[in-house]
Structures are given as C-alpha cells and as structure tokens.
Amino acid sequence: MTKKITKAVFPVAGLGTRFLPATKAIAKEMLPVVDKPLIQYAVEEAVAAGIDTMVFITSRSKNAITDHFDKAYELEKELESKNKADLLKLLKDIVPPNVSYVFIRQAEALGLGHAVYCARPVIGDEPFAVILADDMVEDGERGCMAQMVELYEQKQTSILGVERINPADTASYGIVKTAASSEKSARIEVIVEKPKPEVAPSNLAVVGRYILTPAIFDKLKNTGRGAGGEIQLTDAIADLLNDEPVLAYEFEGTRYDCGSKLGFLIANVEMALLHSELKADFSSYLKDLIKSDKL
Ligand code: UTP
C-alpha cells in the first residue's frame, strides 16, 4: 500500500552559534526574512505540499516558536476592535484550521540525527518530510517540498533535496555521489558528512529537504557520534543506503543559506525585491546605493 506524506519534522533545537547574540533566547528559525520568521516560510512550504501535521523539535528556553503557532487571543481581539481586518487575517493565516502542530523537546543538542529521532513517537510507521528552516527555498511556484512529494508519489522511496555547490565549500555540507541518470533525480551511491574538498566524492550537497521512510529510525537508533561529535542524520542515511534506494533530487528554485549571516542578508534583499509592499521603494534605494560612494 502506498503511504502519503502527511507529517513534516522541523528540527529547531540547534544552538545557532553563528547568529549569537541574536540566538541567545530565540531559535535562529525565528529570525525574520523581511516580515516573516524563517520557520513560517518552512511551514507554508509544507502546507503547500499537502502536509497537515507539523512536528517541531525544540529546546528549552526557546518558546517563541510554540507561541508563534499558537492563537494570539488578546492581539486578535485588539485588532478586531480596531477593525484591522488585513492584519487580523495575517495572524489567523499562521494557523490554518486543518493543520496540527506538535512540539517535542530535544533535551540536549546532540545533533540533527538525534533531533529527527526524537520525532519517532509521533511519526510511527510512515514516510515523512524533514525541513530545515534555515535553508530557505524560493521557487516562485508550488515550493520545494511539493516537488519532492510529487516525486515520492512516483518512486515511493527516500529522497534528499540537493544542489551543486562551490567545490571549496564541501566541508559545510552532507555530500552525495550519485549513479549517472538523465533525470533530475538519481540514486545515491555514497553520502558523507562535511568532507574536505580534497576527499569529497562530488559537489552535490544535501540542503535541508528530506523525505525519509520510517526505516531511518532503526538506523538512527544505532548511529553513534560522527562529524563534530554530533549524531548525524547523514550517517544514518549512509546506513539506509545498504538496505533501500535513496534518491538525490535537484529541485527547482533558489536556496538561501539563512544559517549564515551572508546568506541571511542575501535572502532579505532578494525577498524584499519580491515583496509587493516594498519592491518599488527598495529597488530604487538599492539603485541609489550602487551609485553612491558607500559601495
Ligand atoms: P546546524 O548545523 O545549522 O547547527 O543545524 P545550529 O546549531 O542550528 O547552528 P550553528 O551552526 O551553531 O550556527 C542544522 C539544523 O538542525 C537543527 C538546527 O536547529 C538546524 O535546523 N538541530 C541541530 C537540532 O534541532 N538539534 C541539534 O542537536 C542540532
């Protein structure tokens, strides 16, 4: 029987050290790109893919994500009494009526693999999506996860979203080598976490979008600490390759590495240039800036 992808896991319990001090009390996934936190873009991408259960792996002291997806009762009443219908709609749209939110605490930041394993009691025996909100993908259409779910419906196998990166940057990513294929997706032969450029099997990097079969949980259970002393999802996927096919899929769209300061700034500039309220004024500001002696 084919199973549908109805659940997405959002690991948001990382320390976010590259964004300190901004991330001392809030998760980096709450940092806004223009006017929306990263995590909201990620949840909207999941909803566009037909997913209705959002599972957040959070850490203590970072409760803003839970609050963001809760009903803001007082604020809604206040906006209602002031007849601010547009703002009220904006708030209500954060929590669509058919979507459920589940929060699980990761007691210690032991790594992405451990964070995903924490979702096991909620996911059970179903295939599921994993979205890392700090990798933001804009495709101008249905969204990256919708593309992957469509591919899953044809192939019924685990799929990793991948992108060609600068070969000098392999040590920041999980890197895959694939079998030759004329399609946009290809079977993964090798996956390794953060290889140095001189030993990297390719420059095809895994960038924060996964569809995984539940077989990954038994693999994660037995995965020890890997690169950086963390329990790595990549190592469990390497183990999964021994038992079942896993595909790499080069998705359509632009990926912004919002876990780095430069990527985050680029995302803000490019999303502002797409924003209906801002694009005209912001692009004329940028044109003036280029002509000025500040650059
Ligand atoms: P990163 O590798 O980007 O680490 O995690 P980080 O701690 O968030 O950020 P830096 O490198 O210190 O700045 C990749 C994803 O995995 C989650 C993070 O929240 C992020 O979405 N994660 C990582 C967890 O949920 N738990 C962990 O133990 C580690």
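Residues numbered from 1 in each chain as written. Predicted model: local features only at pLDDT ≥ 70, side-chain atom pairs only at ≥ 80, totals over all residues. Heavy atoms only, no water.

A.B. asks: Give me the overall build of the protein: which residues, what numbers.
C.D. replies: Scanning the protein for helices and strands turns up eleven helices and 13 strands. Here the protein has a C-alpha radius of gyration of 20 Å; the compact-globule value for 295 residues is 19 Å, and the two agree. Dimensions of the protein along its principal axes, counting C-alpha atoms only, are 60 × 50 × 35 Å. Taken across its 295 residues, the protein has 46% of its residues classed as buried. Here the contacts in the protein between residues at least 6 apart in sequence split such that 75% fall between residues at least 24 apart. Side-chain charges of the protein comprise 35 positive and 43 negative groups, with the mean position of each set lying 3 Å from the other. (Helix = DSSP H or I, 4+ residues; strand = E, 2+ residues; numbered from the N terminus. Rg over C-alpha atoms; globule rule 2.2 N^0.38 Å. Buried < 20%, exposed > 50% of the residue type's maximum accessible area, 1.4 Å probe, protein only. Contact = heavy atoms within 4.5 Å. Lys, Arg positive; Asp, Glu negative; His and termini not counted. Charge placed at Lys NZ, Arg CZ, Asp CG, Glu CD.)

A.B. asks: An account of the layout of surface pockets is needed here, citing residue identities and associated values.
C.D. replies: Rolled over the atoms, a probe with the dimensions of a water molecule shows which regions are left empty. Counted as a void, the largest pocket has a volume near 1000 Å³. Lining the largest pocket we find 38 residues, and of these Arg 18, Lys 28, Leu 132, Asp 134 and Lys 194 sit closest to its centre. Element by element, the count of residues in the lining of the largest pocket is highest for strand β11 (residues 204–212), at four residues. Along the lines of polarity and charge, the residues of the lining of the largest pocket split into 16 nonpolar, eleven polar and eleven charged. (1 Å grid on protein atoms, 1.4 Å probe; cavity = no way out; pocket = protein on both sides within 12 Å on 5 of 7 lines; lining within 4 Å. Points joined across faces, edges and corners; volume = space filled by probe spheres on them. Nonpolar A, V, L, I, M, F, W, Y, C, P; charged D, E, K, R; others polar.)

A.B. asks: Which residues make up the site of the ligand, and what are the values?
C.D. replies: Around the ligand, the surrounding shell holds 17 residues, and the nearest of these are Leu 15, Thr 17, Arg 18, Gln 106 and Gly 111. With respect to the ligand, the backbone of Pro 11 contributes an N or O atom lying 2.9 Å from an oxygen atom. Here an oxygen atom of the ligand and a backbone polar atom of Leu 15 are 2.8 Å apart. The site holding the ligand turns out to be the largest pocket. When its residues are assigned to classes, the shell around the ligand shows eight nonpolar, five polar and four charged. (Near = heavy atom within 4 Å. Polar contact = N/O pair within 3.5 Å; in protein donor to acceptor, adjacent residues only side chain to side chain. Sits in = over half its atoms within 2 Å of the grid points.)

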